[in-house]
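Summary of the model geometry
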Amino acid sequence: MNERSPADPVLAHVEPVPGGLYGDQPYEAAHSDLRLAAAKVSAALRDAEDPRAEQLARFQRDLNRAQLQARPDHTESLERGHALVQTVRRYLADGGAA
């Protein structure tokens with residue numbers, strides 16, 4: 001996956017809407033990426049068997065925690081969420097072989 005792949009999270013490419021609630025930060029894009037990744041994990045978890053189900057359940061907990069910890073004024077929490085989303089997407093794309 002390259003930097004401009006459509007499957008790449010939008011966090012790194014977002015241009016905030018001027019005057020928006022969090023117009024000067026990528027908070028909404030981060031939350032969108034986290035929610036989408038959580039939805040994909042939930043869908044994959046439905047049909048998964050051990051040990052893949054255990055890993056997906058861990059990802060699900062981590063994604064939920066990242067959504068709760070993300071703050072518009074806390075860049076580090078947004079970056080951690082972005083990194084987690086990338087890890088989850090790679091895991092799902094590889095079929096859980098990681």
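Every chain begins its residue count from 1, and numbering advances along the sequence as written. Under the rules for a predicted model, residues below a pLDDT of 70 receive no local features and side-chain atom pairs below 80 are neither given nor counted, while totals for whole chains, interfaces and linings still include all residues. To obtain the side-chain values, all non-hydrogen atoms of the structure were included, while hydrogens and water were left out.

**Points about the packing of helix 2 (residues 52-69) against helix 3 (residues 75-93)**
For helices, the axis comes from a line fit to the C-alpha atoms of the stretch in contact; other axes are also lines fit to C-alpha atoms, and the angle between any two N-to-C directions lies between 0 and 180 degrees. Where helices and strands are cited, they refer to DSSP runs of H or I of at least four residues and of E of at least two residues respectively, numbered from the N terminus. It is at 10 Å that the axes of helix 2 and helix 3 come closest, and there the two elements cross at 160 degrees. Classed by the angle they form, the pair helix 2 and helix 3 counts as roughly antiparallel. With respect to the hand of their crossing, helix 2 and helix 3 are arranged in left-handed fashion. In this structure, helix 2 contributes Arg-52, Gln-55, Leu-56, Phe-59, Asp-62, Leu-63, Ala-66 and Gln-69 to the contact, and helix 3 contributes Ser-77, Arg-80, Leu-84, Val-85, Thr-87, Val-88, Tyr-91 and Leu-92. The residue makeup of the contact of helix 2 with helix 3, split by class, is nine nonpolar, four polar and three charged. Comment on the angle field: the value is read as roughly parallel under 35 degrees, roughly antiparallel over 145, roughly perpendicular from 65 to 115, and oblique elsewhere. Crossing handedness is defined as follows: a turn of the near helix away from the far one that is anticlockwise and smaller than a right angle gives a left-handed crossing, while the clockwise case is right-handed. Contacts: residue pairs with any heavy atoms within 4.5 Å of one another. All amino acids are sorted into three groups, where Ala, Val, Leu, Ile, Met, Phe, Trp, Tyr, Cys and Pro are nonpolar, Asp, Glu, Lys and Arg are charged, and the leftover types, Gly among them, are polar.

**So, the environment of His-82**
Mapped onto the elements, His-82 comes out in helix 3. Counting along the chain gives 49 residues from His-82 to Asp-33, while the straight-line C-alpha distance between them is 7.6 Å.

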